[in-house]
Amino acid sequence: MAVCTVYTTPSSPCSISSSSTTRHLAFTQRQQQVNIFYRRTSISCSAAAEEKTIVIGLAADSGCGKSTFMRRLTSVFGGAAEPPKGGNPDSNTLISDTTTVICLDDYHSLDRTGRKKEGVTALDPRANDFDLMYEQVKALKDGVAVEKPIYNHVSGLLDPPELIKPPKILVIEGLHPMFDSRVRDLLDFSIYLDISNEVKFAWKIQRDMAERGHSLESIKASIEARKPDFDAYIDPQKQYADAVIEVLPTQLIPDDNEGKVLRVKLIMKEGVKYFSPVYLFDEGSTISWIPCGRKLTCSYPGIKFNYGPDTYFSNEVSVLEMDGQFDRLDELIYVESHLSNISTKFYGEVTQQMLKHSDFPGSNNGTGLFQTIVGLKIRDLFEQIVAERAAAAPVGAAAKA
Ligand SMILES: Nc1ncnc2c1ncn2[C@@H]1O[C@H](COP(=O)(O)OP(=O)(O)OP(=O)(O)O)[C@@H](O)[C@H]1O
Ligand SMILES: O=C(CO)[C@H](O)[C@H](O)COP(=O)(O)O
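Definitions and limits used
- Residues numbered from 1 in each chain as written.
- Chains lettered and ligands numbered in written order.
- Predicted model: local features only at pLDDT ≥ 70, side-chain atom pairs only at ≥ 80, totals over all residues.
- Heavy atoms only, no water.
- Phe/Tyr/Trp six-rings, centres within 6.5 Å; stacked < 30°, edge-to-face > 60°.
- Buried < 20%, exposed > 50% of the residue type's maximum accessible area, 1.4 Å probe, protein only.
- Helix = DSSP H or I, 4+ residues; strand = E, 2+ residues; numbered from the N terminus.
- Disulfide = S-S within 2.5 Å.

Where an unreviewed UniProt entry is consulted, the protein appears under the name Phosphoribulokinase, with the organism given as Iris pallida.

This is how it looks when you write it as structure tokens:
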């Protein structure tokens, strides 16, 4: 893949126009008092069309399962996803053979102290540099490496940048991948994880109270403090998503307030290029299915699937819903065999992926199932785009590809 990046020190005679990358690095430098810094400029040698990076956006609030989803997605492509070798130990980036996942927290323009001083949350657009986000995602999409800033969640500061080379698949995950229309237009596919307030609260308690020692009051206060900005800037992005995974309390247990059994909906936009929605039994019909019985072991409260056409923010969608949880994950094959358009490469691939990661949160319910299926759909989308580009490339280029 072509990498067309030139690094120059500030004293270099190269002429570089002042970009927001430069501005940002100067800001980072001031913050961190880094003495030496590099400015980036690109030279016009964009990658051949068939080599161009495919960009996937994943939006969700903090603590809503983005990292878990990313682990499932990168596993579909094989190989381990790891932080850049020899780099900042607090890097938020994960790189595997095929994918690079960058966390959009790295585009916070205000560090923790800066946000406190200005009285804004990290969800507020004023705390984020969308110009730089756009420039860098565009550069990567065009096959150009970038020096991306790092937001350090340990110190709350902006660290010196890290080099990101254009991967085959770039995933941008975080609070705002679909907020800025310029960034949104760069996405080949977008996903929104829509976790209802009740469930978000239950997950936060589980992680921040049980694992991080926070008090119940502080968790409640942090959710409440974020809510207005969440409603204003994060939640509206779901209208743009090609797929939404919505997580709600179960309807199988009357007045359930434990939040352990979940009802999960996979909302899939119709008419998206390279993406054909998954269906149950009969495409376009409305179906309700209880698979429990001789072929699927279910303890209380059981499992129920619903499938059918619907509208979502005025878009035509197909919705697949699963309420309840699996008792025996190996029996998932029975459900898998009734689903179509799941983009598997062999019979039972969904079940195999789920069994492989049975220790990940949500592996016994619709969150894990639908995240796995969306991962397979993204692999399929990637392969279709690559095949189409290779077919369209001039004969000599196709032979090289
Ligand atoms: N499907 C799930 N079922 C149950 N709990 C879950 C699920 N997904 C995530 N969680 C809970 O939420 C926590 C956060 O998950 P994860 O780290 O994947 O989210 P995140 O969006 O990447 O968080 P952050 O942005 O804060 O790093 C997990 O530790 C787990 O407690
Ligand atoms: O919403 C978030 C995205 O993960 C974080 O709260 C934001 O990035 C600020 O991080 P920190 O609390 O570590 O300063």
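Read on, since the account is not over.
Q: So what exactly am I meant to see when it comes to the packing of aromatic side chains here?
A: Each pair of aromatic rings is reported with the distance of its centres and the angle of its planes. Evaluated as defined, the whole model comprises eight aromatic pairs. Ring centres of Phe-281 and Trp-289 lie 5.1 Å apart, and the angle between their planes is 85°; this geometry places the pair in the edge-to-face category. Judged by relative accessible area, which is 40%, Phe-281 ranks as partly exposed. For Trp-289, a relative accessible area of 11% gives the class buried. Here Trp-289 and Tyr-334 contribute two aromatic rings whose centre-to-centre distance is 5.9 Å and whose plane-to-plane angle is 45°, an arrangement assigned as tilted. On the criterion of sequence distance, the pair formed by Trp-289 in strand 13 (residues 287–289) and Tyr-334 in helix 8 (residues 332–336) is long-range, its members being 45 residues apart.

Q: Just to check I follow, could you spell out the state of the cysteines for this structure?
A: Two cysteines, two sulfur atoms, one covalent bond between them: this is a disulfide. Throughout the structure, instances matching the rule amount to one disulfide. Each sulfur of the disulfide joining Cys-292 and Cys-298 lies 2.1 Å from the other. Between Cys-292 and Cys-298, the disulfide has an S-S torsion of -80° and is therefore left-handed. Looking at Cys-64, it has no disulfide partner, and the nearest cysteine sulfur is the one in Cys-103, 13 Å off. The exposure class of Cys-103 is buried, given its relative accessible area of 8%.

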